[in-house]
Structure formats: structure tokens, C-alpha cells
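If you want the building blocks of each chain, they are given just below.
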Amino acid sequence: MNTTPTATLARGDGIGPEITDAVLEILDAAGADIQFDEIQIGESQFLAGHKSGISPDTWPTIRKNPIFLKAPITTPLGGGYKSLNVTIRKTLNLFANVRPSKSYSPFVPCAFPEMNLVIVRENEEDLYAGIEHQQTEEVTQVLKLITRPGCERIVRYAFEYARAHGRERVTCMTKNNIMKHTDGLFSQVFQEIAQEYPDLGSDHQIIDIGSARLAASPQDFDVIVTLNLYGDILSDIASQISGSVGLAGSANVGEHVSMFEAVHGSAPDIAGEDIANPSGLLAGAVQMLAHLGQLEVAERIENAWLSTLEQGIHTADVFDASRSAERVGTKGFAKAVSERMGERPGTLAPASYEGAKLDVSSVAHAPRKNDKVLEGVDVFLDWSDGDRAPNDLGSGLVAAGDAWKLKMITNRGVKVWPNGMPETFCTDHWRCRFLPSSGEVTNADIVDLLGRLGAAGFDVIKTENLYRFGDRRGYSLGQGE
Ligand code: NAD
């Protein structure tokens, strides 16, 4: 029986095909046990009218194979095309983006020679859900959705990854001092799960000071786990200061399918010239082999690659006459790495993937019971009557609310009624918190309140129910409440 794993392969656009050839040659020379199912995605598919760069009949191949090696693709400008990467990530539930950032100093210049960290970024939630609205003339919003299952899965993955890869510490970065419910949930879950990994160090840093420290002393970090947007920004900072953006690979890990790629794009400016550096895609392929459990092959390739780099055999992007020995093209580089299989670097730390196979199914989340109680409702209004005086709005709402008690009104989160400050700037977007005067409240009571407000001439633009979960309030207080 053929037990060789099958990976989906996309050769991509621009320099994609030539760096793919180089990587396949190196995998072959290393004895990687893998076969490929090739698909067409990217520019040709965008231009054929598929808005996400992929045709519907390609999905079964991607879904069938647990591994996907993807060369960079070109997104044509204009035309309302959607990001293929985001589409693949979300469709296939690729919840973790794993980006190692490492210094190869002195062979690639880097101000932080000791830097060697991995960013584990939540890949599906946060502000990237793309749920945005304009609600009034003056106000727009985006919904930041953070889920407990999402947090549990990514945080557990970060700890499992750290353990499997012989790392010592996991640092969580959030803004939980401001976003107590969303970022607060992420950091809370981090604290809970950290208890299960006493063999690993753990700490939490506020994202602003944490990213400043990352930029100033990246060597102090090991594994960082964070939310989608922060992770996006942090991983670019880390890649940039490592001096080797062009050499970095990235993994998008899911329970059923995982996708591996280079961090860089399709570089159409140098396509077809045999000068592109295949190292980024090769780094993605090495992550792929480790993920498949072919740890010795992963190690052999990375060590041959490190030896090539150390011996000064460099593609144009890394070549510097003062420290390089030989300038090679894409094909020449692939040949040089292939010829060095079995060699280990002399100066740079050799790669070690011992024990690095990671069981993604073990990072699933625990189901929770639902114990929520409805306590009231925040009604959002578009209102700009007269001088926009909060007291005028308050008295109008108190009159219309009937059995409901108006608890407060905020504008951009700041309490402006009752007892607001005249200095507070008010837009046309008001959040009005209603609580029942007595007894329990139901959704039907909220519908009744909305009808009453509509009849009194108020323009309701949305509502948010206020829930208590056990002994925990599930909503924030207004600033100044
Ligand atoms: P890019 O990363 O393709 O190129 C930026 C610069 O780096 C260029 O000067 C390029 O020549 C150089 N470069 C990139 N990779 C190189 C390599 N391997 N060897 C040597 N030099 C290299 O970024 P861009 O120009 O902003 O984007 C070009 C296209 O790639 C766009 O269509 C973009 O949408 C796409 N893109 C795709 C991905 C992906 O598929 N994952 C990621 C980023 C950008």
C-alpha cells in the first residue's frame, strides 16, 4: 500500500514556478517522502472571473489532502478581487498562523544576532471578520469578534508548539486593560491554559509595551501568542528586524488541512530571470515536513541550507561582495543546497526538530454550558436634534421608555447622561442603556420598547442585549458610569 502523503501544490505566479522547481529539487535530494496533486490558483483564475482566485472545482483537491504547499500568487489590481489567502484560511478553518523569525547573523546582517522567536497568530477572528457598517452620517463601526473556542484553540496550540519544538516560554500579548471582554477573554484563557503547562514559562504583556520591547530586544522572546490584528503587525515587525523577510516561511495550520508558504509575494518584477531566492518557500516546506512528522528530512534540509548560507553561496537579494563567496541564481542555489545534504553548519546553530511532530487534533476546545440571563438592552440611536443636548435626548427617552428605566446615555463610550460634562464632544451616534424597572425581561419586551421609541420618532440603528453569564457581567460599563 502506498503510504506516501499527498500534498496539494500550487506553483503560483511571478517567481512562483521557478522557486517551486527549486524547492522540489531540494525536497527530492533530501529524500522527502511526499507526492503532489497540482492545482491552478491565483492570477489566471482571477482573470477567468473567479473573484477569489480559485475555481469551485479546485476545492475538492485542497480539502482531500492534509497538506498544501502554496507558492506566492499575484492579485491583479482593481476589479474587486478578494484575498485568496483570507478565503483559503477561513474556508478551511486554518486557525493558527505560525511565523518563525530568526537571525542568520553574520551571514545576513541583523542588529539582533541572538533573535530566534516564533509568532503564533490567531488567524480567523478579531477585526478580520470584516463585519463593518456605517451607522450614521458621522459614525462607522467594525465588529471585533473574539470567541472562547477560538482563544482556547490558538492558546493551546501555542503551548503545544512550544513544547514540541523545545521552546521555553510563551508570551501572550493583548490590550486587556482596555478591551476587558474581548482581549480580556483571550488573556483569561491564556492564564487558564498556562496552568496545564508547568514545564513552560508564561507571561502576559500589554501589546503596546510588548511590541516596543519586541522591536528593542527581540532576543528576550521565545513564542508569542496573540490575536489576529496584533499578530499581523507583530510578525511583520519581527520579520523586518530579523533582516531576513525574504528568507521566512509561514504555516497556516488547521485541524484537517494546513497550508505552507513563503512570507514574501510573487515578485513579478524579477519573474523568469532565475534570480529569485527560493529560501522563503523552502522554509515553508521545512515547516510542512516537520508538521508531517518527517523530522529528520526537515532537519537535513535546514542544515544543508544553513551550510550553503554560511559558505557564502548567495542569491542576489542576500549577496554582498564583502561577505559572500559566490553569487548564484535560483537554479544554482537549489543545486548548492542539494549538494550539501548531510552537512551541518559550523557557526549558526544547527536545526533540530527532535520531537517536533504536533497533533493538531489535541488542541480542540472544551464545550461550555450556557447560563446567560437577559438584564437589559443598549439601544443605539442616530440623533442630532437641536444642539445635540444630552439632557433633551434623556428626557425624550425617559418619556418614551414607559416600563423601562433609562440607565445612562453614552456618546463614543463616554457617559453624557445623567450628569454629563459640557466639554464632552458628541457625535450623532448615541448608546442608550435601558434596564427593566422591575422583574425579568424578555426579547418581546425589547421589541415593545423599540416600537415605543419608533413611535416617539427616534431613529434606532441597532441594539445590543445585555446579558449576565453566571456571576459575570457580559457587557462593559460606560466611561464615567
Ligand atoms: P513581493 O514580496 O512580491 O516583492 C517585494 C520586493 O521583494 C520586490 O522587489 C521583489 O522583487 C522582492 N522579492 C520578493 N520575493 C523575493 C525573492 N524570493 N527573491 C528575491 N527578491 C524577492 O511584494 P509585492 O511587490 O508587494 O507584491 C507582488 C504581488 O505578490 C502582489 O500581487 C501581491 O498581491 C502578491 N502577494 C502574494 C502573497 C502570497 O501569495 N502569499 C503575499 C504577499 C504579496
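Definitions and limits used
- Residues numbered from 1 in each chain as written.
- Predicted model: local features only at pLDDT ≥ 70, side-chain atom pairs only at ≥ 80, totals over all residues.
- Heavy atoms only, no water.
- Near = heavy atom within 4 Å.
- Polar contact = N/O pair within 3.5 Å; in protein donor to acceptor, adjacent residues only side chain to side chain.
- Areas by Shrake-Rupley, 256 points an atom, 1.4 Å probe, with all protein chains shown as cover.
- Nonpolar A, V, L, I, M, F, W, Y, C, P; charged D, E, K, R; others polar.
- Axes fitted to C-alpha atoms, helices over the stretch in contact; angles between N-to-C directions.
- Helix = DSSP H or I, 4+ residues; strand = E, 2+ residues; numbered from the N terminus.
- Parallel < 35°, antiparallel > 145°, perpendicular 65-115°, else oblique.
- Left-handed = near helix turned anticlockwise from the far one by under 90°.
- Contact = heavy atoms within 4.5 Å.
- Pairing = 2+ DSSP bridges.
- Expected span 1.5 Å × (residues − 1).
- Buried < 20%, exposed > 50% of the residue type's maximum accessible area, 1.4 Å probe, protein only.
- Arc of directions from axis to C-beta.
- Salt bridge = Lys/Arg side-chain N within 4 Å of Asp/Glu carboxyl O.

S.K.: So what about the site of the ligand? Which residues, and what values?
M.R.: Contacts to the ligand come from 18 residues, most closely from I73, G265, A267, D269 and N277. Between an oxygen atom of the ligand and a main-chain N or O atom of S266, the distance comes to 3.0 Å. One of the backbone nitrogen or oxygen atoms of N277 is found 2.8 Å away from a nitrogen atom of the ligand. Considered on its own, the ligand offers 810 Å² of accessible surface; in the complex 62% of this is hidden by protein. Looking at side-chain class alone, the shell around the ligand contains seven nonpolar, seven polar and four charged residues.

S.K.: Can you explain the packing of helix α1 (residues 16-30) against helix α9 (residues 279-292)? Please cite residues and give values.
M.R.: Following both chains from N to C, one finds α1 and α9 inclined at 40°, their axes separated by 9 Å at the closest point. As summarised for this structure, α1 and α9 are arranged oblique, according to the angle between their axes. When you trace α1 past α9, the crossing you get is right-handed. Each of I19, T20, V23, I26 and L27 in α1 lies in contact with α9, whose residues at this interface are L281, L282, A285, M288 and L289. Tallied by class, residues from the contact of α1 with α9 come to nine nonpolar, one polar and no charged.

S.K.: If you had to explain the sheet that holds strand β19 (residues 459-469) to someone new, which residues and values would you point to?
M.R.: Read across the open sheet, the six strands follow the order β17-β16-β18-β15-β19-β20; overall the sheet is antiparallel. Two strands close off the open sheet at either side, each with one partner strand: β17 (414-417) and β20 (472-473). The sheet strands contacting helix α12 (residues 390-401) are β15 (372-382), β16 (404-411), β17 and β18 (429-436), and the helix crosses β16 at an angle near 155°. The sheet contacts of helix α13 (residues 443-455) involve β15, β16, β18 and β19, and relative to β15 the element is tilted by about 15°.

S.K.: So what about α13? Which residues, and what values?
M.R.: A rise of 1.5 Å per residue sets the reference length of α13, with its 13 residues, at 18 Å; its end C-alpha atoms lie 18 Å apart and thus fit the reference within 8%. Taken together, the buried positions of α13 are I446, L449 and L453. One side of α13 holds all its buried residues, which, seen down the axis, span an arc of 60°. Of the exposed residues in α13, those oriented more than 90 degrees away from the buried face are A444, V447 and A455. Buried residues along α13 sit against β15, α12, β16, β18 and β19. Note on α13: the residue one or two positions beyond its end, G457, has a positive phi of about 95°.

S.K.: Tell me about the pattern of salt bridges, and please be specific about residues and values.
M.R.: Under the defined criterion, the tally for this structure stands at 27 salt bridges. For D126, the salt bridge goes to K144, with nearest N and O atoms at 3.8 Å. Linking D126 in the loop between β5 (116-122) and β6 (132-134) with K144 in the loop between β7 (140-142) and α5 (148-164), this pair joins segments that are 18 residues apart in sequence. Looking at D126, the relative accessible area reads 1%, which means it is buried. Looking at K144, the relative accessible area reads 16%, which means it is buried. In this structure, the salt-bridge partner of D448 is R452, at a minimum N-O distance of 2.4 Å. Placement of both D448 and R452 in helix α13 is noted, with a separation of four residues, approximately one turn of the helix. Since its relative accessible area comes to 41%, D448 is described here as partly exposed. Residue classification places R452 among the partly exposed residues on the basis of a relative accessible area of 27%.

S.K.: Quick rundown of unusual backbone geometry? Include the residues and the values.
M.R.: Residue P106 is bonded to the preceding S105 through a cis peptide linkage, with omega at 0°. Residue P418 is bonded to the preceding W417 through a cis peptide linkage, with omega at -5°. Along the chain, the position of P418 falls in the loop between β17 and β18. In this structure, R388 is a non-glycine residue whose phi angle is positive, near 55°.

S.K.: Before we move on, could you go through the pairing of strand β10 (residues 223-226) and cite the residues and values that matter?
M.R.: Across the two faces of β10 the burial is the same, with V223 and V225 and I224 and T226 all buried. When β5 meets β10, the two strands line up parallel, connected through four bridges. Residue pairing in the sheet places I119 in a bridge with I224 of β10. Note: strand β8 (residues 169-174) against β10, four bridges, orientation parallel. Its bridge partner lying in β10, T171 is registered against I224.

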